[in-house]
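Descriptive analysis of the structure
Here is what each chain is made of, one letter per residue.
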Amino acid sequence: MCGLRSGLRPRPAPVCQSGGVPRLSVLMPARNAERTIGEALTSTLRAMPRDAELIVLDDASSDRTLEIASSTGDSRVVVDSVAQNLGVALAAERLLASARGELIARMDSDDVCLPGRFRAEIAQIDRGTDIVFSMYQRIGRGTIRRPVPPIRFGPGAARLALLIDCPYPHSTSLGRADVLRAAGGYRAGAIAEDFDLWLRAAANGASMVRLGRPTVLIRKSATQVTAAEGWRESLAYDPVLEASYQELTQAVWGTRETPWFRELAFTRDGPLSAEGRAVLEPFVRRFLDGLSGLGLVERAYLRRRATQELGWRAARGDFETGLAETVDWYRANEAWWRPMKAATEA
(Lines give C-alpha, C1' and ligand atoms only; values in the text may rest on other atoms or scores of the structure.)
Protein backbone atom coordinates (compact mmCIF):
# COMPACT_ATOMS: atom_id res chain seq x y z
CA MET A 1 0.00 0.00 0.00
CA CYS A 2 1.12 3.53 -0.74
CA GLY A 3 0.71 5.93 2.16
CA LEU A 4 2.34 8.21 4.68
CA ARG A 5 5.46 7.66 6.69
CA SER A 6 7.12 9.37 9.64
CA GLY A 7 6.55 13.02 10.39
CA LEU A 8 2.84 13.35 9.53
CA ARG A 9 -0.38 13.00 11.46
CA PRO A 10 -1.91 9.51 11.06
CA ARG A 11 -4.68 9.13 8.52
CA PRO A 12 -6.07 6.22 6.51
CA ALA A 13 -3.36 5.04 4.15
CA PRO A 14 -4.40 5.30 0.50
CA VAL A 15 -3.53 2.57 -1.94
CA CYS A 16 -1.66 2.73 -5.23
CA GLN A 17 -3.92 3.32 -8.20
CA SER A 18 -2.90 -0.07 -9.57
CA GLY A 19 -4.00 -1.70 -6.33
CA GLY A 20 -0.71 -3.58 -5.84
CA VAL A 21 3.01 -3.19 -5.36
CA PRO A 22 4.32 -0.40 -7.59
CA ARG A 23 6.71 -1.32 -10.38
CA LEU A 24 8.31 2.14 -10.32
CA SER A 25 9.45 4.19 -7.33
CA VAL A 26 10.28 7.84 -8.02
CA LEU A 27 12.49 9.37 -5.31
CA MET A 28 12.30 13.08 -4.52
CA PRO A 29 14.39 14.58 -1.70
CA ALA A 30 13.39 18.10 -0.72
CA ARG A 31 14.75 20.77 1.58
CA ASN A 32 13.26 24.27 1.80
CA ALA A 33 11.72 23.85 -1.64
CA GLU A 34 8.34 25.52 -1.09
CA ARG A 35 8.76 27.73 -4.18
CA THR A 36 9.33 24.87 -6.64
CA ILE A 37 8.13 21.56 -5.20
CA GLY A 38 4.51 22.08 -6.23
CA GLU A 39 5.42 22.17 -9.92
CA ALA A 40 7.87 19.30 -9.48
CA LEU A 41 5.18 17.12 -7.87
CA THR A 42 2.47 17.99 -10.37
CA SER A 43 4.63 17.42 -13.44
CA THR A 44 6.03 14.15 -12.06
CA LEU A 45 2.63 12.75 -11.16
CA ARG A 46 1.27 13.59 -14.60
CA ALA A 47 4.10 11.68 -16.26
CA MET A 48 4.06 8.67 -13.89
CA PRO A 49 2.30 5.41 -14.73
CA ARG A 50 -0.49 4.15 -12.51
CA ASP A 51 1.62 1.36 -10.99
CA ALA A 52 4.13 3.75 -9.43
CA GLU A 53 4.86 5.55 -6.18
CA LEU A 54 6.42 8.96 -5.62
CA ILE A 55 8.36 9.03 -2.35
CA VAL A 56 9.10 12.52 -1.05
CA LEU A 57 11.58 13.02 1.78
CA ASP A 58 11.36 16.37 3.55
CA ASP A 59 14.92 16.80 4.80
CA ALA A 60 14.29 18.98 7.88
CA SER A 61 12.87 21.93 5.95
CA SER A 62 12.05 25.15 7.78
CA ASP A 63 9.46 26.32 5.24
CA ARG A 64 6.20 24.86 3.84
CA THR A 65 7.82 22.03 1.89
CA LEU A 66 6.32 19.28 4.04
CA GLU A 67 2.85 20.88 3.97
CA ILE A 68 2.86 21.15 0.17
CA ALA A 69 4.14 17.60 -0.32
CA SER A 70 1.41 16.29 1.99
CA SER A 71 -1.46 17.97 0.19
CA THR A 72 -1.35 16.51 -3.34
CA GLY A 73 -4.37 14.28 -2.76
CA ASP A 74 -2.77 11.63 -4.99
CA SER A 75 -2.63 8.12 -3.55
CA ARG A 76 0.67 7.42 -5.28
CA VAL A 77 2.50 9.95 -3.09
CA VAL A 78 4.33 8.74 0.03
CA VAL A 79 5.75 11.43 2.32
CA ASP A 80 8.62 10.91 4.73
CA SER A 81 10.27 13.53 6.94
CA VAL A 82 13.20 13.88 9.30
CA ALA A 83 13.86 16.45 12.03
CA GLN A 84 17.63 16.64 11.49
CA ASN A 85 19.14 17.47 8.10
CA LEU A 86 20.59 14.32 6.53
CA GLY A 87 22.32 15.91 3.59
CA VAL A 88 22.10 14.88 -0.05
CA ALA A 89 23.75 11.44 0.05
CA LEU A 90 22.10 10.13 3.22
CA ALA A 91 18.71 11.44 2.10
CA ALA A 92 19.14 9.64 -1.23
CA GLU A 93 20.08 6.38 0.52
CA ARG A 94 17.09 6.63 2.89
CA LEU A 95 14.80 7.04 -0.11
CA LEU A 96 16.39 4.11 -1.94
CA ALA A 97 16.04 1.89 1.12
CA SER A 98 12.31 2.66 1.39
CA ALA A 99 11.50 2.19 -2.29
CA ARG A 100 9.38 -0.87 -3.14
CA GLY A 101 9.51 -0.73 -6.93
CA GLU A 102 11.71 -2.91 -9.10
CA LEU A 103 12.59 0.30 -10.97
CA ILE A 104 14.00 3.45 -9.35
CA ALA A 105 13.83 6.96 -10.82
CA ARG A 106 15.06 10.24 -9.38
CA MET A 107 13.43 13.64 -9.50
CA ASP A 108 14.64 16.83 -7.83
CA SER A 109 12.20 19.11 -6.03
CA ASP A 110 13.15 22.12 -8.16
CA ASP A 111 12.94 20.50 -11.59
CA VAL A 112 10.08 19.88 -14.02
CA CYS A 113 9.29 16.44 -15.45
CA LEU A 114 8.24 16.44 -19.10
CA PRO A 115 5.37 14.30 -20.44
CA GLY A 116 6.38 10.88 -21.68
CA ARG A 117 9.57 10.69 -19.61
CA PHE A 118 8.81 7.47 -17.73
CA ARG A 119 7.14 5.81 -20.70
CA ALA A 120 10.27 6.35 -22.81
CA GLU A 121 12.71 5.34 -20.10
CA ILE A 122 10.80 2.23 -19.04
CA ALA A 123 10.55 1.15 -22.68
CA GLN A 124 14.35 1.28 -22.86
CA ILE A 125 14.64 -0.72 -19.62
CA ASP A 126 12.31 -3.33 -21.10
CA ARG A 127 14.75 -3.70 -23.99
CA GLY A 128 17.39 -4.95 -21.55
CA THR A 129 19.10 -1.79 -20.30
CA ASP A 130 19.95 -1.53 -16.59
CA ILE A 131 20.10 2.27 -16.17
CA VAL A 132 18.62 4.91 -18.48
CA PHE A 133 19.43 8.61 -18.64
CA SER A 134 18.17 11.28 -21.01
CA MET A 135 18.88 14.74 -22.32
CA TYR A 136 17.54 17.81 -20.53
CA GLN A 137 16.91 21.53 -20.90
CA ARG A 138 18.03 24.14 -18.37
CA ILE A 139 15.61 26.73 -16.99
CA GLY A 140 15.88 29.44 -14.38
CA ARG A 141 16.74 33.09 -14.03
CA GLY A 142 19.61 34.11 -16.28
CA THR A 143 19.47 30.87 -18.25
CA ILE A 144 19.67 31.13 -22.03
CA ARG A 145 17.61 28.40 -23.64
CA ARG A 146 19.37 26.66 -26.47
CA PRO A 147 18.28 23.62 -28.49
CA VAL A 148 19.68 20.42 -26.99
CA PRO A 149 21.42 18.23 -29.59
CA PRO A 150 19.67 14.83 -29.55
CA ILE A 151 22.82 12.83 -28.88
CA ARG A 152 21.93 9.29 -27.86
CA PHE A 153 24.53 7.16 -26.11
CA GLY A 154 24.54 3.41 -26.46
CA PRO A 155 26.14 1.28 -23.71
CA GLY A 156 29.71 1.74 -24.92
CA ALA A 157 29.52 5.53 -25.24
CA ALA A 158 27.56 5.90 -21.99
CA ARG A 159 30.30 4.16 -20.05
CA LEU A 160 33.21 5.97 -21.70
CA ALA A 161 31.59 9.38 -21.16
CA LEU A 162 31.89 8.87 -17.39
CA LEU A 163 35.67 8.91 -17.72
CA ILE A 164 35.55 12.63 -18.61
CA ASP A 165 32.74 13.93 -16.42
CA CYS A 166 29.20 13.15 -15.31
CA PRO A 167 26.90 14.01 -18.24
CA TYR A 168 23.86 12.43 -16.56
CA PRO A 169 21.84 14.73 -14.27
CA HIS A 170 20.27 12.82 -11.41
CA SER A 171 16.75 13.89 -12.36
CA THR A 172 16.99 12.11 -15.71
CA SER A 173 17.88 8.70 -14.28
CA LEU A 174 15.80 5.52 -14.10
CA GLY A 175 17.31 2.15 -13.30
CA ARG A 176 16.76 -1.34 -11.97
CA ALA A 177 16.65 -1.34 -8.18
CA ASP A 178 18.72 -4.52 -7.89
CA VAL A 179 21.47 -3.06 -10.08
CA LEU A 180 21.66 0.16 -8.05
CA ARG A 181 21.74 -1.72 -4.76
CA ALA A 182 24.30 -4.25 -6.05
CA ALA A 183 26.58 -1.29 -6.83
CA GLY A 184 26.33 -0.17 -3.21
CA GLY A 185 23.64 2.50 -3.47
CA TYR A 186 24.40 6.02 -2.31
CA ARG A 187 27.41 6.37 -0.04
CA ALA A 188 27.79 8.82 2.83
CA GLY A 189 30.72 11.12 2.30
CA ALA A 190 30.50 11.28 -1.48
CA ILE A 191 30.45 14.89 -2.68
CA ALA A 192 28.76 13.91 -5.95
CA GLU A 193 26.63 10.99 -4.81
CA ASP A 194 25.06 10.40 -8.22
CA PHE A 195 28.35 10.45 -10.18
CA ASP A 196 29.83 8.12 -7.57
CA LEU A 197 26.98 5.65 -8.02
CA TRP A 198 27.09 5.76 -11.83
CA LEU A 199 30.84 5.06 -11.79
CA ARG A 200 30.43 2.04 -9.51
CA ALA A 201 27.46 0.70 -11.45
CA ALA A 202 29.32 1.00 -14.75
CA ALA A 203 32.37 -0.71 -13.26
CA ASN A 204 30.05 -3.45 -11.99
CA GLY A 205 28.92 -4.17 -15.55
CA ALA A 206 25.62 -2.26 -15.65
CA SER A 207 24.33 -1.56 -19.14
CA MET A 208 23.64 2.17 -19.52
CA VAL A 209 21.93 4.16 -22.27
CA ARG A 210 21.25 7.87 -22.64
CA LEU A 211 18.16 8.75 -24.64
CA GLY A 212 18.50 11.52 -27.21
CA ARG A 213 15.30 13.29 -26.16
CA PRO A 214 15.02 15.74 -23.25
CA THR A 215 12.72 14.49 -20.49
CA VAL A 216 13.36 17.00 -17.69
CA LEU A 217 13.66 20.78 -17.29
CA ILE A 218 16.50 21.32 -14.81
CA ARG A 219 16.39 24.52 -12.82
CA LYS A 220 19.56 26.54 -12.43
CA SER A 221 19.84 28.29 -9.08
CA ALA A 222 22.57 30.07 -7.15
CA THR A 223 21.53 28.19 -4.00
CA GLN A 224 22.23 24.73 -5.42
CA VAL A 225 25.11 22.72 -3.98
CA THR A 226 26.73 22.39 -7.41
CA ALA A 227 26.66 26.18 -7.85
CA ALA A 228 28.76 26.80 -4.74
CA GLU A 229 32.19 28.29 -5.33
CA GLY A 230 34.84 25.61 -5.38
CA TRP A 231 32.37 22.71 -5.60
CA ARG A 232 33.77 21.34 -8.83
CA GLU A 233 37.35 21.66 -7.59
CA SER A 234 36.41 19.77 -4.44
CA LEU A 235 35.70 16.71 -6.59
CA ALA A 236 39.40 16.48 -7.38
CA TYR A 237 40.19 15.81 -3.73
CA ASP A 238 37.29 13.48 -2.94
CA PRO A 239 38.83 10.07 -2.15
CA VAL A 240 35.42 8.37 -2.37
CA LEU A 241 34.84 9.60 -5.94
CA GLU A 242 38.43 8.90 -6.98
CA ALA A 243 38.18 5.29 -5.76
CA SER A 244 34.98 4.79 -7.77
CA TYR A 245 36.59 6.37 -10.83
CA GLN A 246 39.48 3.94 -10.49
CA GLU A 247 37.05 1.03 -10.33
CA LEU A 248 35.80 2.07 -13.77
CA THR A 249 39.26 2.58 -15.28
CA GLN A 250 40.16 -0.89 -13.99
CA ALA A 251 37.12 -2.32 -15.77
CA VAL A 252 37.72 -0.39 -19.01
CA TRP A 253 41.53 -0.18 -19.26
CA GLY A 254 42.80 -2.63 -16.66
CA THR A 255 44.48 0.00 -14.49
CA ARG A 256 43.83 1.95 -11.31
CA GLU A 257 46.63 4.39 -12.03
CA THR A 258 44.81 7.66 -12.76
CA PRO A 259 47.26 10.57 -12.37
CA TRP A 260 44.96 12.72 -14.53
CA PHE A 261 41.95 12.46 -12.18
CA ARG A 262 42.56 15.76 -10.37
CA GLU A 263 43.31 17.65 -13.57
CA LEU A 264 39.84 16.77 -14.90
CA ALA A 265 38.19 18.98 -12.28
CA PHE A 266 40.20 22.06 -13.22
CA THR A 267 39.96 22.00 -16.99
CA ARG A 268 36.92 24.34 -17.13
CA ASP A 269 38.87 27.20 -15.52
CA GLY A 270 40.84 28.11 -18.63
CA PRO A 271 43.72 26.90 -20.82
CA LEU A 272 45.69 24.02 -19.42
CA SER A 273 49.09 24.69 -17.91
CA ALA A 274 52.08 22.91 -19.38
CA GLU A 275 52.05 20.57 -16.38
CA GLY A 276 48.33 19.91 -16.72
CA ARG A 277 48.65 19.16 -20.41
CA ALA A 278 51.49 16.72 -19.78
CA VAL A 279 49.33 14.83 -17.28
CA LEU A 280 46.16 14.84 -19.39
CA GLU A 281 47.62 14.11 -22.82
CA PRO A 282 48.15 10.35 -22.33
CA PHE A 283 44.62 10.08 -20.94
CA VAL A 284 43.06 11.94 -23.85
CA ARG A 285 44.95 9.92 -26.44
CA ARG A 286 43.89 6.67 -24.78
CA PHE A 287 40.31 7.94 -24.56
CA LEU A 288 40.24 8.87 -28.24
CA ASP A 289 41.66 5.49 -29.22
CA GLY A 290 38.77 3.85 -27.36
CA LEU A 291 36.14 5.59 -29.50
CA SER A 292 36.75 3.54 -32.62
CA GLY A 293 34.03 1.00 -31.89
CA LEU A 294 31.28 3.57 -31.32
CA GLY A 295 28.68 4.95 -33.70
CA LEU A 296 29.51 7.94 -35.88
CA VAL A 297 27.60 10.54 -33.88
CA GLU A 298 28.76 9.16 -30.52
CA ARG A 299 32.35 9.18 -31.69
CA ALA A 300 32.22 12.75 -33.01
CA TYR A 301 30.49 14.06 -29.89
CA LEU A 302 32.84 12.42 -27.40
CA ARG A 303 35.86 13.41 -29.44
CA ARG A 304 34.71 17.02 -29.25
CA ARG A 305 34.23 16.79 -25.50
CA ALA A 306 37.65 15.27 -24.98
CA THR A 307 39.45 17.82 -27.14
CA GLN A 308 37.43 21.00 -26.59
CA GLU A 309 35.79 20.82 -23.18
CA LEU A 310 38.95 19.51 -21.55
CA GLY A 311 40.87 22.33 -23.15
CA TRP A 312 43.21 19.85 -24.83
CA ARG A 313 44.48 20.29 -28.36
CA ALA A 314 46.57 17.90 -30.37
CA ALA A 315 49.98 19.28 -31.30
CA ARG A 316 49.13 18.70 -34.96
CA GLY A 317 45.62 18.80 -36.29
CA ASP A 318 44.37 16.70 -39.18
CA PHE A 319 42.20 19.14 -41.14
CA GLU A 320 40.83 16.57 -43.56
CA THR A 321 39.76 14.21 -40.76
CA GLY A 322 38.14 17.01 -38.79
CA LEU A 323 36.27 18.29 -41.85
CA ALA A 324 35.02 14.79 -42.69
CA GLU A 325 33.77 14.23 -39.14
CA THR A 326 31.96 17.58 -39.17
CA VAL A 327 30.21 16.78 -42.46
CA ASP A 328 29.28 13.32 -41.20
CA TRP A 329 27.81 14.79 -38.00
CA TYR A 330 25.59 17.21 -39.91
CA ARG A 331 24.40 14.45 -42.21
CA ALA A 332 23.55 12.17 -39.28
CA ASN A 333 21.67 14.94 -37.43
CA GLU A 334 19.84 16.58 -40.31
CA ALA A 335 16.43 15.80 -38.79
CA TRP A 336 17.41 17.93 -35.80
CA TRP A 337 19.12 20.98 -37.34
CA ARG A 338 17.20 21.44 -40.61
CA PRO A 339 13.81 22.44 -39.03
CA MET A 340 15.59 25.01 -36.85
CA LYS A 341 17.51 26.34 -39.84
CA ALA A 342 14.28 26.67 -41.83
CA ALA A 343 12.55 28.46 -38.93
CA THR A 344 15.46 30.88 -38.58
CA GLU A 345 15.54 31.70 -42.29
CA ALA A 346 11.74 32.10 -42.58
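A brief report on the enclosed structure follows. Counting restarts for each chain: residues are numbered from 1 in the order of the written sequence. Given that the model is predicted, a residue must reach a pLDDT of at least 70 before its local features are reported, and side-chain atom pairs must reach 80 or more before they are shown or counted; all residues, however, enter totals for whole chains, interfaces and linings. By convention in this description, side-chain values take in all heavy atoms of the structure and omit both hydrogens and water.

Observations regarding the overall build of the protein
Under the convention used in this document: Each helix corresponds to a stretch of at least 4 residues labelled H or I by DSSP, and each strand to a stretch of at least 2 residues labelled E; elements are numbered beginning at the N terminus. The cut-offs for exposure are 20% and 50% of the maximum accessible area for each residue type, with area from a 1.4 Å probe on protein chains only; residues under the lower value are buried, those over the upper are exposed, and the others partly exposed. Two residues qualify as a contact provided that any one of their heavy atoms is within 4.5 Å of a heavy atom in the partner residue. Using the Shrake-Rupley algorithm and a 1.4 Å probe, accessible areas are obtained, with residue cover drawn only from the displayed protein chains.
Counting its regular elements, the protein contains 14 helices and eight strands. Counting across all 346 residues of the protein, residues that qualify as buried make up 49%. Here the analysis covers contacts within the protein between residues at least 6 apart in sequence; of these, 76% occur between residues at least 24 apart. Accessible surface, the protein: about 16600 Å² in total, of which carbon and sulfur atoms supply 52%.

Focus: the side chain of Asp194
Spelled out, the test is: Positive: Lys, Arg. Negative: Asp, Glu. His and the chain ends are not part of the count. Counted as salt bridges are all cases of a side-chain nitrogen of Lys or Arg within 4 Å of a carboxyl oxygen of Asp or Glu.
Here Asp194 is to be found in helix H7 (residues 193-203). Look at Asp194: it is buried, it has no salt bridge, and the nearest opposite charge is Arg106 at 7.3 Å. Here Asp194 is in contact with Tyr168 and His170, once residues within four sequence places are set aside.

Quick notes on the side chain of Thr172
The following threshold applies: Counted as a polar contact is a pair of N or O atoms within 3.5 Å, where, for protein atoms, one must be capable of donating a hydrogen and the other of accepting one, and residues adjacent in sequence contribute only when both atoms are in side chains.
On the secondary structure map, Thr172 appears in the loop between helix H5 (155-161) and strand S7 (174-176). For Thr172, a relative accessible area of 0% corresponds to the buried category. Reaching out from Thr172, the side chain makes a polar contact with the backbone oxygen of Pro169 at a distance of 2.9 Å. Excluding residues within four positions of it along the chain, Thr172 makes contact with Arg117, Glu121, Val132, Phe133, Ser134, Met135, Tyr136 and Val216.

Quick notes on the nonpolar core
For clarity, the threshold we go by: Definition used in this section: a nonpolar core is a set of buried Ala, Val, Leu, Ile, Met, Phe, Trp, Tyr and Cys residues joined via side-chain atoms within 4.5 Å.
Ranked by internal contacts, the top residues of the largest apolar core, which has 55 residues, are Phe283 and Phe287. A per-element tally of this core places H7 first, with six residues. Discounting residues that sit within four places of it in the chain, Phe287 has contacts with Leu160, Leu163, Ile164, Trp253, Leu302 and Ala306. Counting 32 residues, the second largest nonpolar core, distinct from the first, contains Ala47, Ala69, Met107 and Ile125.

Overview of the packing of aromatic side chains
Stated precisely, the cut-off is as follows: Planes of paired rings set the category: under 30 degrees apart is stacked, over 60 is edge-to-face and the rest tilted, where pairs are Phe, Tyr or Trp rings (Trp by its six-membered ring) whose centres lie within 6.5 Å. Here, a charge over a ring means that NZ of Lys or CZ of Arg falls within 6 Å of the ring centre while also lying within 35 degrees of the ring normal.
Under the defined criterion, the tally for this structure stands at eight aromatic pairs. Arranged with centres 5.0 Å apart and planes meeting at 20°, the rings of Trp260 and Phe283 form a pair that is stacked. One end of the pair, Trp260, is in the loop between helix H9 (239-253) and helix H10 (261-264); the other, Phe283, is in helix H11 (residues 274-289), with 23 residues separating them in the sequence. In this structure Phe283 comes out as buried when scored by relative accessible area, which is 1%. Consider the rings of Phe283 and Phe287, whose centres lie 6.0 Å apart with planes at 40°: the pair is tilted. Of this pair, Phe283 and Phe287 are both found in helix H11, four residues apart, which corresponds to roughly one turn of the helix. The same class applies to Phe283 and to Phe287, which are both buried. Taken together, the aromatic side chains of Trp253, Trp260, Phe283 and Phe287 make up a single cluster linked through ring pairs. In this structure, Arg210 is placed above the aromatic ring of Phe153, and the distance from its NZ or CZ to the ring centre is 4.0 Å.

Describing the pairing of strand S6 (residues 131-139)
Put simply, the test is: A pair of strands is considered paired only if DSSP assigns at least 2 bridges between the two.
Counting buried positions along S6 gives seven out of nine residues, so the element sits mostly inside the fold. By the bridge criterion, two bridges tie S6 to S7 in an arrangement that is antiparallel. Residue pairing in the sheet places Val132 in a bridge with Leu174 of S7.

Quick notes on the environment of Trp198
Here Trp198 shows up in helix H7. Setting aside its immediate chain neighbours within four residues, Trp198 contacts Ile131, Phe133, Leu162, Cys166, Tyr168, His170, Ser173, Leu180 and Met208.

As for the environment of Leu217
Turning to its location among the elements, Leu217 is positioned in strand S8 (residues 208-219). Owing to a relative accessible area of 18%, Leu217 belongs among the buried residues under this scheme. Along the chain, Leu217 and Gly140 lie 77 residues apart, while their C-alpha atoms are 9.4 Å from each other. With near-sequence residues (within four places) excluded, Leu217 lies in contact with Asp111, Val112, Leu114, Gln137 and Ile139.

A word on the environment of Ala332
Relative to the assigned elements, Ala332 resides in helix H13 (residues 319-332). A sequence separation of 35 residues divides Ala332 from Val297, and the C-alpha atoms of the two residues are 6.9 Å apart.

Examining the pattern of salt bridges
Under the counting rule described, the total for this entry stands at 13 salt bridges. Residue Asp74 pairs with Arg76 through a salt bridge whose shortest N-O separation is 2.9 Å. Residues Asp74 and Arg76 agree in their burial class; the two are buried. Among the ionic pairs, Glu281 bridges to Arg285, the shortest N-O distance being 3.1 Å. Residue Glu281 and its partner Arg285 are both found in helix H11; the two are separated by four residues, about one turn of the helix. One network of salt bridges, with partners in common, ties together Arg23, Glu102 and Asp126.

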